[in-house]
Amino acid sequence: MSKRLIFLFSISLLLALKVAAKPAGIGGRVIDASGQPVSLASVLLLSATDSSLVSSTLTDQKGEYDLTPSPAGSYLLRVSYIGYNDNISEPFLCDGHAVIRPDVILSSSGKALAEVSVRASKPFVEVHADKLVVNVENSIVNAGSNALEVLTRSPGVYVDNNDNILFKGRPGVTIMINGKIQPLSGQELAEMLRNLPANSVEAIELISNPSARYDAAGSAGIINIRLKRNKKKGVNGSVNAAYAQGVYRKMNGGFNLNYRNKKVSLFANYNHSDRQGFNDLKLDRNFFNGNTFAGAFIQDNQYLYNVLSDNGSLGLDYSLSSRTTVGIAATGETTSFKRTGYNYSRIIDSATGQQLSHFVTENAAPNIWSGRSVNLNLRHKFDSAGRSLSVDADYAGYPGSGTQDYTTNYYNDLPDGSSVLSGRLPAVFRGDLTGLTQIRSLKADYATPLFKGAKMELGAKTSYVTSDHDLAFFNYRSATWITDSQRTNNFKYREHILAAYANGNMDREKWSAQVGLRWEQTIASGDAVSPAKDSSFTRRYGQLFPSFSVQRHLTSTHDIGLSLSRRIERPNYDQLNPSTYYLDPTTYKAGDPYLNPALSYNAELSHVFRQRLVTTLSYAYTSSPIVEVIQPSATESRVTVQTQKNLSGLSWYGGSGAYQFRFAKWWSNTTNCNVYYAHYNGNIAGTPLSKGRVSFDINTSNSFILPNDWSAELGGNYHAPQQYGYMVDKPTWMVNCGVQKNLFDKKATIRLNATDLFWRGYPRATSEYTGYKESFVARRDTRQVALSVTWRFGTRSQSQQRSGGAEDEKRRVGQGA
């Protein structure tokens, strides 16, 4: 076992301190205008962030109430009694100690008092000690958007030109939906998130250091997307529609339907989206022999796309008894992606530095891919003390098919500015893809209290994944399609993971701690079969992943915390697939079947002030980090390959601050800032790398509560230049705004917003290798105006979603479509 692993686990055991528990509570007295106590008055403790009910009680004969225990947090008190006007307090804090509130004075309803109403709403970003929560459903500017666009506007999240998602400047983040790690990666994951409307998302959780209960995947942490859920009885639901206009139109619409009683909970939802857009990619690629200029390609790529997507889910939960519930949930998605492209490439002569020739590539890539999954689950509570068992069985399948058609013509440029076809034959080739990835998993989780304030969690999981992708390429020669043996490939991958964990939690008056240990055994094999060359690999490895966190309550306004963890990033199935996907004859994408997993060691120290200002200091070291590179081909002259490679190491140092302000009763602000230094070491394409850069990002959101059920939002973000492997990303920024109006007693909501007002949210970057330099700008349809309408009926809740056990596996599926 490595020294780092021993060090982490030793610290975890030494710092698990135990202090006697003493429950905290909120108490006070209710009186009338004459000072007499009011008995049997209803006292509701509400969350200050969303007015949800936390606990309730009635006053005694002395008019006194006691809400014990009450966890630390920000609250409102609502007191009511027949014949009196309701009394609603200003927000106040409970910091873990007993809180005695001032007397609540109820006034007689016979007096003509103005109506009192609570319009507290969740801020766009909630600050917690262990995570940040982005409340999507309460954000005006996210109306009409999709999940990926919401992510790009979330604190610390950056999406680059190739749809890689970085968290606080680090690659290797795990994306989950309702606690279930998603089956896609890279561009396929991004496209799935683009097909998920923002109006179906409740919140996004940004978690830096997850506990051992989570799969160990995700060296940079976890981003969990929570879809809207139904928790109320009866029939309820909503319908929604949105239209957005940038350069091209985007539309989506859908419905949620729920039914719930004491025994049965049914849910169904459906969403359809129709999106059009573009990608304007400009590349400047320069080649060198030593320090001597050897020529260049200046390329302009114009892509237009149309995406039609249908996705839905259906589920049933049935209570066998008050302690046992069984359930089944199914999801399905079908996406049609049609892309057409035009590439104009200028060839710059090395001797004169002038354009002497060019080539033009026209391409079309229609694809259809789908996904289906089924989850069977059991939840059982053994007693009222907290002993529970949950079991999940999952199956998921992801079939896909598509074609790639490319035609390239070559031209000589004449001195008068005209051009003629060269004597070189046009390059015409076609690729046909079929693929299927299947996931089976079974997991069980058991929780039991040990003693007052302490709990133990135990669990186990097994998963088996198969992936089969067949890509056949053909060249058109003499009116005949001929198999291209160099590009044709059939990749088959199999992976079996066994896992078990133990996690202990302890809550005391001034301390809380968590210690966990997870073990994962991986058995994987892959075969790449082609007419030109066959290759295969087999890997077996077992790893221990400890985690530890401790929180110390110093005073009524200050808390500090420490968390440590070890995590892994396994290469996803698409990253291992050596099949090629072409942009033009000089640029293609391919996987690397010899990628190794990346291991990371993470430490974070946090300070919380008044439960609303959170500051953290972090350190992480990742061995063999997996990064995307755009490098010169090792076998072909002046050909560039986009692929994934292992570097030697990544050292990351960071500090972050998340701050919530209330400038006035009607104006609140949440601001998040990350400052970090990332240093990469490695050697790829004969180019040693030892580079680092200080970078930062800032995200701010202002919410305004206006009269007559109007509200507004204004926010933006800025990402400074950052180092990502051999690539340096240039700064990006955007400003967003929107307004909202509630109608018909809040049954209907209309939102109008504008995003990326100044069109500066697109990625730009440079890369440099021995003998090769590249820069690119990728403009996308991010500046748009959107209008959305939502109508709620019944109890105004949204559809329930079931998360299952096929977590890490589903994130890592790559369809290559």
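Before any of the text, the structure's been laid out above.
Just so it is clear, the model here is predicted, and its values are computed rather than measured. (Residues numbered from 1 in each chain as written. Predicted model: local features only at pLDDT ≥ 70, side-chain atom pairs only at ≥ 80, totals over all residues. Heavy atoms only, no water.)

Draft legend 1. Representation of the nonpolar core in the model. Ile165, Leu193, Ile204, Ile223 and Ile225 are the most contacted members of the largest nonpolar core, which totals 26 residues. Those elements giving two or more residues to this core turn out to be α2 (147-152), β12 (157-159), β13 (165-167), β14 (174-177), α3 (186-194), β16 (201-207) and β17 (222-227). If you look at the next biggest cluster of nonpolar residues, it comprises 23 residues, including Leu647, Leu689, Tyr724 and Tyr769. (Core = buried A, V, L, I, M, F, W, Y, C linked by side-chain atoms within 4.5 Å. Buried < 20%, exposed > 50% of the residue type's maximum accessible area, 1.4 Å probe, protein only. Helix = DSSP H or I, 4+ residues; strand = E, 2+ residues; numbered from the N terminus.)

Draft legend 2. Quick look at the sheet that holds strand β38 (residues 626-632). Strand order in the open sheet made by the four strands is β34-β35-β39-β38, with mixed pairing throughout. Looking along the sheet, the strands with just one partner apiece sit at the ends: β34 (580-584) and β38. Neighbouring strand axes in the sheet, compared pairwise and without regard to direction, differ in orientation by 25° on average. Note: strand β35 (residues 587-590) against strand β39 (residues 640-646), three bridges, orientation parallel. If you follow Tyr588 over to β39, its bridge partner there is Val641. (Pairing = 2+ DSSP bridges. Axes fitted to C-alpha atoms, helices over the stretch in contact; angles between N-to-C directions.)

Draft legend 3. Region of the structure containing the pairing of strand β32 (residues 535-553). Where strand β31 (residues 511-529) meets β32, 18 bridges bridge the pair, whose relative direction is antiparallel. Within β32, the residue paired with Glu520 across the bridge is Gln543.

Draft legend 4. Highlighting the pairing of strand β42 (residues 687-706). Here 18 bridges tie strand β41 (residues 667-684) to β42, and the two strands are oriented antiparallel to one another. Bridging across to β42, Gly682 finds its partner in Leu689. Hairpin connection, β41 to β42: the antiparallel pair is bridged by two residues, and Ala685 has positive phi, about 55°. Across 10 bridges, the pairing between β42 and strand β43 (residues 710-719) is antiparallel. Note on β43: the bridge partner recorded for Asp697 is His719. Between β42 and β43, which follow one another and run antiparallel, lie three residues, and Asn708 among them has a positive phi close to 60°.

Draft legend 5. Representation of the environment of Asn736 within the structure. Inspection of the secondary structure assignment puts Asn736 in strand β46 (residues 732-743). Judged by relative accessible area, which is 4%, Asn736 ranks as buried. C-alpha of Asn736 to C-alpha of Asn717: the two residues are 19 residues apart in sequence and 8.9 Å apart in space. Among the polar contacts made by the side chain of Asn736, one reaches the main-chain amide nitrogen of Asp756 at a distance of 2.9 Å. (Polar contact = N/O pair within 3.5 Å; in protein donor to acceptor, adjacent residues only side chain to side chain.)

Draft legend 6. The pattern of salt bridges, seen in detail. Under the criterion given, the structure shown has 20 salt bridges. Across the pair Lys282 and Asp280 runs a salt bridge whose closest N-O atoms are separated by 3.7 Å. Here Asp280 falls in the buried class, since its relative accessible area comes to 11%. Note that Arg430 and Asp405 form a salt bridge whose closest N and O atoms lie 2.9 Å from each other. Highlighted residues: Arg430 in strand β27 (residues 427-451) and Asp405 in strand β25 (residues 388-413), separated in sequence by 25 residues. Through salt bridges that share partners, Glu202, Glu205 and Arg226 make up one connected network. (Salt bridge = Lys/Arg side-chain N within 4 Å of Asp/Glu carboxyl O.)

Draft legend 7. Representation of the packing of aromatic side chains. Using the criterion set out here, one finds 32 aromatic pairs in the structure. Arranged with centres 5.6 Å apart and planes meeting at 35°, the rings of Phe696 and Tyr718 form a pair that is tilted. Here the residue Phe696 occupies a position in strand β42, and Tyr718 occupies one in strand β43, the gap between them amounting to 22 residues. Judged by centre distance (4.7 Å) and plane angle (20°), the ring pair of Tyr726 and Tyr769 falls under stacked. Within this pair, whereas Tyr726 is found in the loop between β44 (722-724) and β45 (727-729), its partner Tyr769 is found in strand β48 (residues 764-769), the two being separated by 43 residues in sequence. Both residues of the pair, Tyr726 and Tyr769, belong to the buried class. A network of ring pairs unites the aromatic residues Phe287, Phe297, Phe359, Tyr410 and Tyr772 as a single cluster. Here Arg424 stacks its cationic end above the ring of Tyr410, 3.9 Å away from the centre of that ring. (Phe/Tyr/Trp six-rings, centres within 6.5 Å; stacked < 30°, edge-to-face > 60°. Lys NZ or Arg CZ within 6 Å of the ring centre and 35° of its normal.)

Draft legend 8. Seen up close, the layout of surface pockets. Reported here for the second largest pocket is a volume of approximately 900 Å³. Lining the second largest pocket we find 29 residues, and of these Gln486, Pro578, Thr580, Tyr588 and Ala590 sit closest to its centre. Mapped onto the lining of the second largest pocket, the elements with two or more residues apiece are β34, β35, β38 and β39. It is β39 that provides the largest number of residues to the lining of the second largest pocket, a total of three residues. Across the lining of the second largest pocket, the residue classes break down as 11 nonpolar, 12 polar and six charged. (1 Å grid on protein atoms, 1.4 Å probe; cavity = no way out; pocket = protein on both sides within 12 Å on 5 of 7 lines; lining within 4 Å. Points joined across faces, edges and corners; volume = space filled by probe spheres on them. Nonpolar A, V, L, I, M, F, W, Y, C, P; charged D, E, K, R; others polar.)

Draft legend 9. Structural view of the environment of Ile439. Within the secondary structure layout, Ile439 lies in strand β27. The class for Ile439 is buried, based on a relative accessible area of 0%. Between the alpha carbons of Ile439 and Ser463 there is a distance of 7.2 Å; along the sequence they are 24 residues apart.

Draft legend 10. Summary view of the side chain of Gln514. If you trace the backbone, Gln514 turns up in strand β31. Within the local environment of Gln514, its side chain forms a polar contact with the backbone nitrogen of Gly516, the two atoms lying 3.3 Å apart. One polar contact links Gln514 to Ser547, side chain to side chain, over a distance of 3.2 Å.

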